[in-house]
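Secondary and tertiary structure notes
Residue strings, one per chain:
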Amino acid sequence: MKLKSGWVRRAFYSWILVCTLGGLYGFWRMSIHACEQRKESLISMCDERARMLQDQFNVSMNHIQAMSILIKTFHHNMNPSAIDQSTFARYTERTSFERPLTSGVAYAVRVLHSQREQFEKQQGWTIKKMDTLQPSLVQEEYAPVIFAQDTIAHVISLDVLSGKANRENVLRARESGKGVLTAPFRLLKTNRLGVILTFAVYKRNLPSNATLDQRIQATDGYLGGVFDVESLVEKLLQQLASEKAVVVNVYDTTNNTHPIVMYGSNVSGDSFSHVSTLNFGDPLRKHEMHCRFKQKLPWPWLAFNTSVGGFIICVLLGYIFYATCNRVVKAEEDRDKMTELKKRAEAADIAKSQFLATVSHEIRTPMNGVLGMLHMLMDTDLDVTQQEYVRTAQGSGKALVSLINEVLDQAKIEAGKLELEASLFDLRAVLDDILSLFSEKSQGKGIEVIPIYYMLRFIMVEFFQCLVILIYIYMYIKLAQLAAYVSDEVPELLIGDAGRFRQIITNLMGNSIKFTEKGHIYVTVHLVEEVVHSIQIDKELGMENVNTLSLSGSPVADSRRSWEGFKAFSQVGPLGSFSSSVTDVINLIVSVEDTGEGIPLEAQSRIFTPFMQVGPSVSQRHGGTGIGLSISKCLVGLMNGEIGFVSIPKIGSTFTFTALFTNSTDCKIQQLNNNNSHSNPPSSEFQGMTALLIDPRSVRAKVCRCHIQRLGIRIELVSDLAQGLSTITEGNQIINMVLIEQEVWDRDSAMSSRFVDGASRVGVPPKLFILVNSNGWTSGIGNPTVIVKPLRASMLAASLQRAMGVTCRNGELPSLSVGHLLGGKKILIVDDNVVNRTVAAGALKKYGADVVCVSSGKEAISKLKPPHEFDACFMDIQMPEMDGFEATKKIREMERCAKREGFVDNLSKWDVPILAMTADVIQATHEECVRCGMDGYVSKPFEAEQLYREVSRFFHS
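Owing to the predicted nature of the structure, the values given are computational and were not obtained by experimental measurement.

What counts and what doesn't
Residues numbered from 1 in each chain as written. Predicted model: local features only at pLDDT ≥ 70, side-chain atom pairs only at ≥ 80, totals over all residues. Heavy atoms only, no water. Axes fitted to C-alpha atoms, helices over the stretch in contact; angles between N-to-C directions. Helix = DSSP H or I, 4+ residues; strand = E, 2+ residues; numbered from the N terminus. Left-handed = near helix turned anticlockwise from the far one by under 90°. Contact = heavy atoms within 4.5 Å. Patch = residues over 30% accessible without salt bridge, like charges linked within 9 Å, V, L, I, M, F, W, Y side chains within 5 Å. Areas by Shrake-Rupley, 256 points an atom, 1.4 Å probe, with all protein chains shown as cover. Salt bridge = Lys/Arg side-chain N within 4 Å of Asp/Glu carboxyl O. Expected span 1.5 Å × (residues − 1). Buried < 20%, exposed > 50% of the residue type's maximum accessible area, 1.4 Å probe, protein only. Pairing = 2+ DSSP bridges. Disulfide = S-S within 2.5 Å. Phe/Tyr/Trp six-rings, centres within 6.5 Å; stacked < 30°, edge-to-face > 60°. Polar contact = N/O pair within 3.5 Å; in protein donor to acceptor, adjacent residues only side chain to side chain. pLDDT = per-residue confidence, 0-100.

Next up on the list: the packing of helix α12 (residues 498–515) against helix α15 (residues 628–638). Taken N-terminus to C-terminus, the directions of α12 and α15 make an angle of 145 degrees; their axes are 9 Å apart at the nearest point. Here α12 and α15 pass one another in a crossing that is left-handed. For the pair formed by α12 and α15, the contact residues are Arg500, Gln503, Ile504, Asn507, Leu508 and Asn511 on the first element and Gly628, Leu629, Ile631, Ser632, Leu635 and Val636 on the second.

If you want it as structure tokens, here you go:
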């Protein structure tokens with residue numbers, strides 16, 4: 001039965017295909033035939049009209065040329081003349097039927113300046129200019145009109161040489177001895193388009209090879225005929241009226257780029273047109289006639305109805321046969337198949353979720369102890385080697401946790417359970433944190449330079465171990481610069497998921513660090529509106545393909561290609577539909593640019609595919625799971641953004657993504673300042689100061705200026721030490737500090753010495769800072785303070801404070817102890833794992849908290865029974881006998897009972913914040929915690945700063 005059903009289905013589809021192709025072919029053939037007939041008809045009609053117009057024009061032109069002979073014979077060769085104005089007017093009026101296309105004829109005589117006075121006395125009028133009708137100015141010769149047909153009698157006494165177009169036309173006619181046409185112009189009285197045909201009248205017959213001087217000497221005057229083109233073409237078309245109305249346009253195409261419309265318009269319903277060439281006798285002027293039908297080709301209803309009717313009949317017959325044989329069988333098969341697939345999918349999803357939750361919990365719990373104990377071990381007295389071993393262990397543990405997080409995120413993505421939070425955050429602070437995370441990797445992947453005395457001791461005691469360390473350092477030292485730039489147009493505070501935004505940039509920067517050995521990694525953040533405006537300006541200036549200098553001077557992939565096809569750049573309006581000027585939506589565009597290995601062309605198509613690596617050799621050298629980019633793409637999609645990249649092997653890569661956030665309000669800004677006052681970089685202590693930055697690279701200088709201006713410092717930019725010294729010594733303002741790029745300082749030691757000497761002679765010498773790419777740089781010139789890049793606002797502020805002798809707002813430097821931050825706070829830790837309790841207690845005690853630990857939910861209920869003295873509680877979720885959710889519900893019930901029993905005055909103290917501690921990041925969601933009465937949660941493994949950040953939210957007024 002299945003085989004029969006499949007055969008019938010294939011036959012039915014084949015029958016439909018044959019019927020469709022047959023109907024389309026018949027319809028196409030009939031339509032093409034009708035269209036070809038229509039085209040042939042248009043060509044015939046257009047050529048006929050063009051030929052008749054040209055023939056009539058030639059008749060008029062021949063008659064005007066004959067009139068020039070008449071004037072020569074009866075006016076110039078007879079004394080006295082046999083022709084005057086009235087005779088000329090009567091003759092031209094009676095013979096107008098021989099010139100069917102002319103609207104008037106006039107004759108202008110050649111008058112030299114020496115003959116002007118006598119000529120004007122003889123005629124009784126003054127020679128006038130054509131445009132102003134004022135007496136003509138003095139010139140070598142004149143060509144006033146002395147005879148004219150009554151229709152254009154107003155041109156008598158006008159000098160045809162006084163107009164630029166007419167003068168060129170007359171002189172060209174005199175030089176060639178043939179008829180010359182003007183360009184189309186508006187006639188004086190009718191204001192309709194017309195042309196003038198001009199012939200020169202000579203005293204005698206001239207040979208064809210006569211020179212220009214001979215023609216000028218022999219010229220008596222100029223005979224011109226005025227052609228009203230529009231009325232002439234209309235008369236012609238009225239004579240050729242037919243059933244199929246044709247739209248006719250006549251063009252002067254002497255200038256191909258700017259043809260002049262002499263008659264007609266471009267309004268037509270038909271797209272097909274035919275062009276016929278017109279020859280009006282002047283070889284220098286070209287004319288064309290364009291013809292189109294007024295109406296479109298009517299729809300071929302006969303062909304359409306025939307093909308559609310046959311198709312419908314065939315389909316109905318085939319469908320009746322197909323439905324009768326297969327509908328019941330197919331419905332039963334589909335139902336059974338979908339039922340089975342549904343069961344298997346549900347079982348697989350449940351099994352995967354349970355497996356991931358179990359694995360995550362079982363791995364995170366011991367990892368929390370490992371990382372926590374290592375962190376506590378770092379606070380003890382260790383030598384350099386031991387510290388290095390601990391850092392290596394911490395890095396390996398964090399890498400394992402990162403791998404677990406990526407796998408869990410991928411599982412959430414596949415299950416459609418990944419959601420974003422909405423909270424207030426400082427974008428620039430997030431970037432500073434990311435730069436701090438990668439600063440050591442960009443300089444040496446965590447390997448510090450060992451002091452000389454340690455090296456000597458190792459050489460004497462453990463020579464081979466020292467050699468291994470030196471080789472390790474050499475292999476991993478990086479030469480890449482790391483920098484971030486945020487446009488001033490980006491708001492200070494945004495509302496969105498800062499953690500996921502940080503995760504995207506971390507993934508992209510992690511890949512750049514991994515594959516970049518030299519050059520730079522450069523992160524930029526702009527508004528989409530800024531980029532759109534910049535593109536528009538570049539297009540107007542013709543600079544869309546101009547390459548600019550990069551951060552390190554190395555060639556980079558063109559970042560604009562990374563966002564080709566983004567919908568954000570093709571929205572309606574000049575700035576797109578996401579313009580922040582209209583709504584509170586902030587549309588950011590973030591680019592991560594590097595000068596690394598680049599992505600091979602054959603691997604670029606699968607770069608966002610989960611668990612896919614560029615190649616086996618890359619995986620062996622650099623490691624990784626291959627899901628970071630796929631997760632980033634999903635997160636960008638959840639942020640209503642887009643992601644793209646451009647990569648050139650051996651040059652580098654640029655990844656760009658957009659993300660939508662919400663602009664913050666004033667009240668939320670104040671809330672953030674209260675909750676995160678410890679993380680804001682100090683700036684008020686630097687207000688009024690001026691800094692001088694010496695850097696020849698504009699991009700790198702822009703990044704540095706961005707960080708310095710965040711501290712409230714005014715900054716001046718110069719490109720070399722000579723300009724900097726001139727600014728310090730000859731300027732009218734006081735320079736408080738000078739920041740110099742290392743490459744500028746090391747380039748010329750003699751100039752550096754002169755700079756130090758010159759700067760020291762200023763009344764208030766500025767403080768000198770050198771911006772270097774790695775630790776260990778020293779200078780024998782002066783005593784500059786070293787600032788290690790990448791620049792971050794907090795690190796830069798601390799360095800300037802120490803060097804300038806400036807204190808923070810609270811009187812302490814950022815590097816002082818944090819042991820007072822939770823001083824006087826009593827916190828309860830509930831966890832059945834002794835290692836987790838020890839780690840959490842040590843982390844909170846580091847911030848000065850008084851910590852009490854219990855191992856079960858029942859003990860937690862006993863400790864938190866009102867009245868109690870605890871300010872907060874961290875509670876594990878999975879515990880024997882009573883889990884964290886149940887314990888929290890009982891604690892909240894005790895608090896409600898205390899309120900009913902009259903402890904109203906002190907209830908706010910006993911309503912303790914409870915924060916969940918869990919390794920099960922899939923099931924322990926924020927909604928579940930809120931539902932049972934918890935105030936938030938932290939995931940294992942956690943760090944001391946994470947615990948402090950979560951609990952400190954409840955200790956600020």
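Further notes follow.
On to a nonpolar patch on the surface, then. Nonpolar side chains collect at one region of the surface, where Tyr25, Trp28 and Ile32 lie side by side and expose about 330 Å² of accessible area between them. Along the chain, tryptophan 28 turns up in helix α1 (residues 2–76).

This next bit is on helix α4 (residues 164–176). Given 3.6 residues per turn, any residue in an α-helix points the same way as the ones three and four places further on. Over its 13 residues, α4 runs 18 Å from end to end, which matches the ideal 18 Å to within 8%, given 1.5 Å per residue. Of all the positions in α4, only Asn166, Asn169, Val170, Leu171, Ala173 and Arg174 are classed as buried. Just downstream of α4 lies glycine 177, where phi reads positive at about 75 degrees.

One ladder, built from five bridges, connects strand β22 (residues 690–694) with strand β23 (residues 714–718); its direction is parallel. Across the sheet, the residue bridging to threonine 690 is arginine 714, located in β23.

Below, the discussion takes up the state of the cysteines. This model, assessed by the stated rule, comprises one disulfide. Here cysteine 46 is linked by a disulfide to cysteine 291, with a sulfur-sulfur distance of 2.3 Å. Looking along the S-S bond of the cysteine 46-cysteine 291 disulfide, the torsion reads about 70 degrees, which is the right-handed sense. Placement of the pair is cysteine 46 in helix α1 and cysteine 291 in strand β14 (residues 287–293), with a sequence separation of 245 residues. Classification of cysteine 291 by relative accessible area gives buried; the value is 0%. The structure places no disulfide on cysteine 314, whose sulfur is separated from the nearest cysteine sulfur, that of cysteine 19, by 3.5 Å.

The next thing to look at is the packing of aromatic side chains. Across all of its chains, the model carries 19 aromatic pairs by this definition. Relative to tyrosine 948, the ring of tyrosine 847 has its centre 4.6 Å away and its plane inclined at 5 degrees; by these criteria the two rings are stacked. On the criterion of sequence distance, the pair formed by tyrosine 847 in the loop between α22 (834–846) and β28 (850–854) and tyrosine 948 in helix α27 (residues 944–952) is long-range, its members being 101 residues apart. Ring-pair connections join several aromatic residues into one group, and the members of that group are Phe425, Phe501, Phe657 and Phe661.

Before going further, it helps to examine the pattern of salt bridges. By the definition in use, this model includes 26 salt bridges. When the shortest N-O distance is used, the salt bridge between aspartate 695 and arginine 700 registers 2.8 Å. Under the relative-accessibility criterion, aspartate 695 is labelled buried at 5%. The closest approach of N and O atoms between arginine 700 and glutamate 743, which form a salt bridge, is 3.0 Å. Highlighted residues: arginine 700 in helix α17 (residues 698–710) and glutamate 743 in helix α19 (residues 742–747), separated in sequence by 43 residues. Several salt bridges converge on common partners, so that one network encompasses Asp695, Arg697, Arg700, Glu741, Glu743, Arg747 and Lys789.

This brings us to the side chain of serine 653. Relative to the helices and strands, serine 653 is located in strand β21 (residues 652–663). Take serine 653: its relative accessible area is 5%, and that puts it in the buried class. At 2.7 Å, the side chain of serine 653 and the side chain of serine 647 are in polar contact. Non-local contacts of serine 653, meaning those with residues more than four positions away in its chain, are made with Val592, Glu593, Asp594, Gly598, Ile599, Val646 and Ser647.

Taking 1.5 Å of rise per residue, 13 residues should cover 18 Å, and α17 covers 18 Å from first to last C-alpha, within 8% of that figure. Along α17, the residues that are buried comprise Val699, Arg700, Ala701, Val703, Cys704, Cys706, His707 and Ile708. In the stretch just after α17, glycine 712 is the one whose phi turns positive, near 85 degrees.

Attention shifts here to the confidence of the model for the protein. Confidence along the protein averages 79 in pLDDT terms, with 83% of residues attaining 70 or more. A low-confidence stretch, residues 572–582 (pLDDT under 50), is modelled with 16 contacts involving residues beyond four sequence positions or located in other chains. Confidence drops under a pLDDT of 50 for residues 666–682, and excluding neighbours within four residues, the segment shows 27 contacts in the predicted structure.

This part takes up unusual backbone geometry. The phi torsion of most residues other than glycine is negative, and most of the peptide bonds are trans. A cis amide bond, omega 5 degrees, links asparagine 79 with the succeeding residue proline 80. Residue proline 866 is joined to proline 867 through a cis peptide bond whose omega torsion reads -5 degrees. Within the secondary structure, proline 867 is located in the loop between α23 (857–863) and β29 (872–876). With phi around 70 degrees, lysine 650 is a residue other than glycine that occupies positive phi space. Inspection of the secondary structure puts lysine 650 in the loop between β20 (643–648) and β21. Notably, glutamate 881 is not glycine yet its phi reads approximately 70 degrees, a positive angle. You can see glutamate 881 is positioned in the loop between β29 and α24 (884–900). Under the relative-accessibility criterion, glutamate 881 is labelled exposed at 71%.

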